[in-house]
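Per-entry structural report
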Amino acid sequence: MSETLTDTLDPEQVLWEERVPGGAHWSGVLRRGNTLRVTAVEGGANVSMLFYNYEEKLERYNMADTLKGQHTAVLTRGHVCYSDMGRVMCSITEDTCGWHDTISGVSNASMVRRKYGEARYQEQHDDYYKNGYDSLLNEVGKYGLGKRDLVSNLNLFSKVIVDDAGNLCFKENNSSAGDYIDLRFEMNALVVLSTCQHPLDPGDTYDPKDIILSAWHSGTAAGDDACRNACPENQRAFINTERMFA
Amino acid sequence: MSTDLSESRLLAENAAFREVVPAGEPFMKVISKDQVVRILDLEGNQAVDTLFYSAADSEERYDANTTIREQGNIYLTTGTVLRSNEGNPMLSIIADTCGRHDTLGGACSAESNTVRYALEKHHMHSCRDSFLLALAKWDNGLDKRDLSSNINFFMNVPVTPEGGLTFEDGISEAGRYVEMRAEMDVIILISNCPQLNNPCNAYNPTPVEVLVWDPQ
């Protein structure tokens, strides 16, 4: 289907595939047992992302529970994303990038204006400058959600380290063309995302990068699954998740 | 960012409002613009889970990620401006005798306790339950949707350059406090944390005091 499919992914398995331009926003439903591959078409991509339980959208990705449950501030292969209800929303089953940011939030309108200048729809049509916050708000609004539902988000493909004094440092060139992350969904989830630039990206040019989304039926986590068994906390969160589908 | 300790000149006897909040209980109150609110750790190493909402429009609320990103540092202390999801200053930390406060570790809940400790911990009291009950009784439409990433005053949750995150033992002591000036009319929502499973409070949740001074 495209250059994004690797040896590990049989084209016959693919349910759908879609290219999302840089600066765009997207939402969709990923069912339990399906995996979403997010591929960076170029280096320097950023994907600001949130998850909601599709059946009960009050249940949603929870940054703090995800981090403290796994004693990490960064996500990569072997980690999972917890909801606020002690369940696993999705598991990171593959990751060629190695570091996905969890703590920096999203860009907003005033930041984008300050960093990149003004580009309105009136003059630029669909090349107008978008920002992460308004983009996510736009997508969640399609499901009856709003500002109250925009919680701390992921930033796929972006790396921000915290030094010993607590200072945030954005690391450039964290991702390369073709890098991907696989998210195996453990519950039916609404996924919303924005491909706007990372809020700490120091570049002064509006240049968000394209991504490709590919979904396939992967099945759910087996008993010996690496994400399930990464730590006792994950094992218990999988039990909580499986009880919902028992 | 400096973690120098900075004391307040405000005297407790001049406070317009004082209330002791026992462990395991919520506290909710409007703090008007230019009022000063102090949270006092009465016995030491207590975690005070805290959220703020704009009193004029509760859809504008404290935003942990915007706050740490705008100051370029994950720890809250004197000089920190607590910012909203709209990017506006909500409160400024003007005194702090503890030196470091967390905003990544979130609040404990019945559900997260099952994950972090054991499935049978489900029925222990938690900050999330205190938050939910306080919001329900406040009765102006606030509910679970409004629970976002909170502040943990007096909690020490360091992140390493390698991306590790741990709950370290507290660095507060009896009598330490943090003090904030409201930059807009805000609703403060506190859960004085009842956590009994974590050594960070020596397994001993203790009372805190909230003090409010009118504009000086």
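Everything below is about the structure printed above this text.
Let us look at the structure shown here.

Here is what the cut-offs are and how they apply
Residues numbered from 1 in each chain as written. Chains lettered and ligands numbered in written order. Predicted model: local features only at pLDDT ≥ 70, side-chain atom pairs only at ≥ 80, totals over all residues. Helix = DSSP H or I, 4+ residues; strand = E, 2+ residues; numbered from the N terminus. Buried ≥ 20, exposed ≤ 12 C-beta atoms within 10 Å, placed from the backbone. Pairing = 2+ DSSP bridges. Axes fitted to C-alpha atoms, helices over the stretch in contact; angles between N-to-C directions.

With that settled, consider the overall build of chain B. Along chain B, the regular secondary structure elements total 3 helices and 10 strands. The order of helices and strands in chain B, counted from the N terminus, is β-β-β-β-α-β-β-α-α-β-β-β-β. Taking the principal axes of the C-alpha coordinates as reference, chain B spans close to 50 × 40 × 35 Å. Looking at chain B as a whole, 51% of its 216 residues are labelled buried.

Right, let's talk about the sheet that holds strand E6 (residues 80-82) of chain A for a bit. Residues and elements named next belong to chain A. Strand order in the open sheet made by the 6 strands is E1-E14-E3-E12-E7-E6, with antiparallel pairing throughout. Edge positions in the sheet fall to strand E1 (14-20) and E6, since each has one partner strand and no second. Pairs of neighbouring strands in the sheet enclose a mean axial angle of 20°, with direction left out of account. Inspection of the sheet shows strand E3 (residues 34-40) paired to strand E12 (residues 180-185) by 5 bridges, in the antiparallel sense. Paired with Thr 39 across the bridge in E12 is Tyr 180.

Residue and element names in this part refer to chain B. Strands sit in the order E1-E10-E3-E8-E6-E5 across an open sheet of 6 strands; the sheet is antiparallel. The open sheet has two edge strands, strand E1 (17-21) and strand E5 (81-83), and neither has a second partner. Neighbour-to-neighbour, the strand axes of this sheet turn through a mean angle of 20°, independent of strand direction. In the sheet, strand E3 (residues 36-41) pairs with strand E10 (residues 208-213) via 6 bridges, with the strands oriented antiparallel. For Val 37, the partnering residue across the bridge sits in E10 and is Val 212.

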